[in-house]
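Each chain is listed here by its residues.
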Amino acid sequence: MPSSMMYYEDTYVVLPPDMQEQFVTQPELEKILHDLLVEIEHQDLPTDLKNLTTINEQVQRLIKTACDLDCGDRGTWQWYVVRLDK
């Protein structure tokens, strides 16, 4: 039986367009995504985010269902969950 630790998501690696990876916690990732979404025009949002009413809902949807966000002129940001402990 797999350990529940395998499904514990608390650390992410974020790859901004300049490819300088950063290890962040979930709250830090939420802040990064929130700030990016504030700058994106509504019409440029991915289709599955347009029907959500708040940026916080959009952030949670991205974390749960995606691993990248095209920010137009700011490039594409990527993030992946990582497990630091064996």
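For every chain, the first residue of the written sequence is number 1, and numbering continues from 1 onward in sequence order. Local features in this predicted model are restricted to residues of pLDDT 70 or higher, and side-chain atom pairs are both shown and tallied only at a pLDDT of 80 or more, whereas totals for entire chains, interfaces and linings draw on every residue. Calculated side-chain values reflect all of the structure's heavy atoms, with hydrogen atoms and water omitted.

In the annotation of an unreviewed UniProt entry, the protein chain is listed under the name Chlororespiratory reduction protein 7 and assigned to Pseudanabaena galeata UHCC 0370.

Peer 1: Could you give me a rundown of the nonpolar core, with the residues and numbers involved?
Peer 2: By size, the foremost hydrophobic cluster in this structure holds 19 residues, and its most contacted members are Leu29, Leu33, Leu37, Leu69 and Trp79. Strands are runs of DSSP state E lasting at least 2 residues, helices are runs of H or I lasting at least 4, and numbering of each runs from the N terminus. Taken together, the elements giving at least two residues each to this core come down to strand S1 (11-15), helix H1 (26-39), helix H3 (55-65) and strand S4 (76-82). For this core, the leading source of residues is H1, giving 5 residues. Among residues more than four places away in sequence, those in contact with Leu29 are Tyr12, Val14, Val24, Ile63 and Trp79. Residues grouped as a nonpolar core are buried Ala, Val, Leu, Ile, Met, Phe, Trp, Tyr and Cys residues, joined through side-chain atoms within 4.5 Å. Relative accessibility thresholds used throughout: buried, under 20% of the residue-type maximum; exposed, over 50%; partly exposed, between the two (1.4 Å probe, protein chains only). By definition in these notes, contact holds between two residues if any of their heavy atoms fall within 4.5 Å.

Peer 1: Could you give me a rundown of the environment of Cys71, with the residues and numbers involved?
Peer 2: Structurally, the position occupied by Cys71 is in the loop between strand S3 (68-70) and S4. Not counting residues up to four positions away in its chain, the partners in contact with Cys71 are Leu36, Ile40 and Trp77.

Peer 1: I'd like a rundown of the sheet that holds S3, residues and numbers included.
Peer 2: Spatial strand order, S2-S1-S4-S3: 4 strands in an open sheet with antiparallel pairing. A strand with exactly one partner marks an edge of an open sheet, and here the two such strands are strand S2 (22-25) and S3. Sheet twist, expressed as the mean angle between neighbouring strand axes with direction ignored, is 25°. When DSSP locates at least two bridges between a pair of strands, those strands are taken to pair. Alignment of S1 against S4, held across 5 bridges, turns out to be antiparallel. Residue Tyr12 lies in a different strand from S4, and its bridge partner there is Val81. H1 rests against S1, S2, S3 and S4 of the sheet, and its axis sits at about 105° to S2. Orientation is described by lines fitted to C-alpha atoms, with helices fitted over the stretch in contact, and by angles between N-to-C directions that extend from 0 to 180 degrees.

Peer 1: Go over the pairing of S4, please, and point to the residues and values.
Peer 2: Both S3 and S4 contribute to a ladder of 3 bridges, which runs antiparallel. The residue of S4 that forms the bridge with Asp70 is Thr76.

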